[in-house]
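# Breakdown of the fold
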Amino acid sequence: MKFLVLNGPNLNMLGIREPEIYGAMTYSKLEEYIRGVARQEEIQVEILQSNHEGVLVDAIQGAYQQVDGIIMNPAAYTHTSVALLDALKAVQIPCVEVHLSNIYEREEFRHISYPGMACIATVYGMGHEGYAKAMRILKEYLLGEGK
Ligand code: DQA
């Protein structure tokens, strides 16, 4: 089973960026954590972080027929990007959305997720552990689909 993990803008600043909201873990430690969980779950992972919407759209398109599932934290693009929503709809790859923080307890503009409209589940408010939960949800879903 192969997953693509996509992380959106400013997540490369984890550890520095608003630690009271996003925690103290740096982005490179987060990647290490994701790789460790993937190893345990026997999932192959490719991880990409970008501050550019088009790069994320290209990565979703490039995943067509290449991966079984996508885990995505679209970061600020969550609340603005119809392009990411359309890319997920185009490739029809099951996706689980992740947010470190509880977006529903924050500003109202964070309550809407466009890419989330094409996701099978959303995990939020669990910090970095949300990525492990998302991987397990996606794996279970795909096993149920006979993958
Ligand atoms: C985030 C929540 C978004 O609202 C925010 O713009 C981010 C990170 C999270 O992981 O909690 O950059 O996706």
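This write-up is about the structure you can find in this document. Chains are numbered independently. Their residues run from 1 in the order of the written sequence. Per-residue local features of the predicted model are confined to residues with pLDDT of at least 70, and side-chain atom pairs are confined, for both listing and counting, to 80 or more; whole-chain, interface and lining totals are unaffected and use all residues. The basis for every side-chain value is the complete set of non-hydrogen atoms in the structure, without hydrogens or water.

## With respect to the layout of surface pockets
Buried and open spaces are told apart on a 1 Å grid over the protein atoms alone, a cavity being a set of points where a 1.4 Å probe fits but cannot get out and a pocket being an open set with protein on both sides within 12 Å along at least five of seven lines. Residues with an atom within 4 Å of a point are the lining residues. Grid points are joined across faces, edges and corners, and a volume is the space filled by probe spheres set on the points. The calculated volume of the largest pocket comes to roughly 150 Å³. Taken together, 15 residues line the largest pocket, and the ones lying closest to its centre are R17, Y22, A75, A76 and R110. Classification used: nonpolar for Ala, Val, Leu, Ile, Met, Phe, Trp, Tyr, Cys and Pro, charged for Asp, Glu, Lys and Arg, polar for all others including Gly. Of the residues that constitute the lining of the largest pocket, the class distribution is seven nonpolar, five polar and three charged.

## Topic: the site of the ligand
Around the ligand, the surrounding shell consists of R17, Y22, N73, A75, A76, H79, H99, L100, S101, I103 and R110. With respect to the ligand, the side chain of R110 contributes an N or O atom lying 2.8 Å from an oxygen atom. Contact with the protein chains removes 99% of the 320 Å² of surface that the ligand exposes when unbound. Using a 2 Å cut-off from the grid points, one finds that the ligand occupies the largest pocket. One heavy atom within 4 Å of a molecule or strand makes the whole residue count as near it. Contacts described as polar in this section are N or O atom pairs within 3.5 Å, which, within protein, must combine one atom able to donate a hydrogen with one able to accept it, while residues neighboring in sequence count only if both atoms come from side chains. Each accessible area is a Shrake-Rupley result for a 1.4 Å probe, and residues are judged covered by the shown protein chains and nothing else. For this analysis, a molecule is said to be in a pocket or cavity if more than half of its atoms are within 2 Å of the grid points defining it.

## Regarding the packing of aromatic side chains
A pair of aromatic rings is counted whenever rings of Phe, Tyr or Trp (Trp by its six-membered ring) have centres within 6.5 Å, and the orientation is called stacked for planes under 30 degrees apart, edge-to-face for over 60 and tilted otherwise. Enumeration according to the criterion identifies one aromatic pair in this entry. With a centroid separation of 4.9 Å and an interplanar angle of 75 degrees, the aromatic rings of Y104 and Y124 are classed as edge-to-face. Of this pair, Y104 sits in the loop between strand 4 (95-99) and strand 5 (121-124) while Y124 sits in strand 5, and the two are 20 residues apart along the sequence. Look at Y104 and you get partly exposed, because its relative accessible area is 37%. Helical segments are the DSSP runs of H or I of at least four residues, strand segments are the runs of E of at least two, and each set is numbered from the N terminus. Note on exposure labels: buried denotes an accessible area under 20% of the residue type's maximum, exposed denotes more than 50%, and partly exposed covers the range between, all computed with a 1.4 Å probe on protein chains only.

## Re the sheet that holds strand 3 (residues 69-73)
Strand pairing requires that DSSP identify at least two bridges connecting the strands. Reading across the sheet, the five strands line up as 2-1-3-4-5 and stay open at both edges, with parallel pairing between neighbours. Of all the strands in the sheet, just strand 2 (44-49) and strand 5 have a single pairing partner and so form its edges. Geometrically, the sheet is characterised by an average inter-axis angle of 20 degrees between neighbouring strands, direction not taken into account. Pairing between strand 3 and strand 4: three bridges, direction parallel. Residue pairing for strand 4: M72 is matched across the bridge by E97. Every axis in this analysis is a line fitted to C-alpha atoms, fitted for helices over the stretch in contact. Angles between the N-to-C directions lie between 0 and 180 degrees.

## Focus on unusual backbone geometry
Trans is the prevailing form of peptide bonds, just as negative phi is the prevailing case for residues other than glycine. Residue E18 is not a glycine yet carries a positive backbone phi of 30 degrees. Position of E18 among the secondary structure elements: in the loop between strand 1 (2-7) and helix 1 (19-22). Classification of E18 by relative accessible area gives partly exposed; the value is 35%. Non-glycine residue Q92 carries a positive phi angle of around 55 degrees.

## A closer look at the packing of helix 2 (residues 27-40) against helix 5 (residues 129-144)
Interaxial distance between helix 2 and helix 5 falls to 10 Å at its minimum, and their mutual angle equals 30 degrees. One finds that helix 2 runs roughly parallel with respect to helix 5. Viewed along their axes, helix 2 and helix 5 form a crossing whose handedness is right-handed. Contacts between helix 2 and helix 5 pair L30, Y33, I34, V37, A38 and Q40 from the former with E129, Y131, A132, M135 and R136 from the latter. Classifying every residue of the contact of helix 2 with helix 5 by side-chain character gives eight nonpolar, one polar and two charged. Note on angle classes: values under 35 degrees are labelled roughly parallel, values over 145 roughly antiparallel, values of 65 to 115 roughly perpendicular, and the remainder oblique. What makes a crossing left-handed is the near helix being turned counterclockwise from the far one by less than a right angle; a clockwise turn instead makes it right-handed. Two residues form a contact once any of their heavy atoms are found within 4.5 Å.

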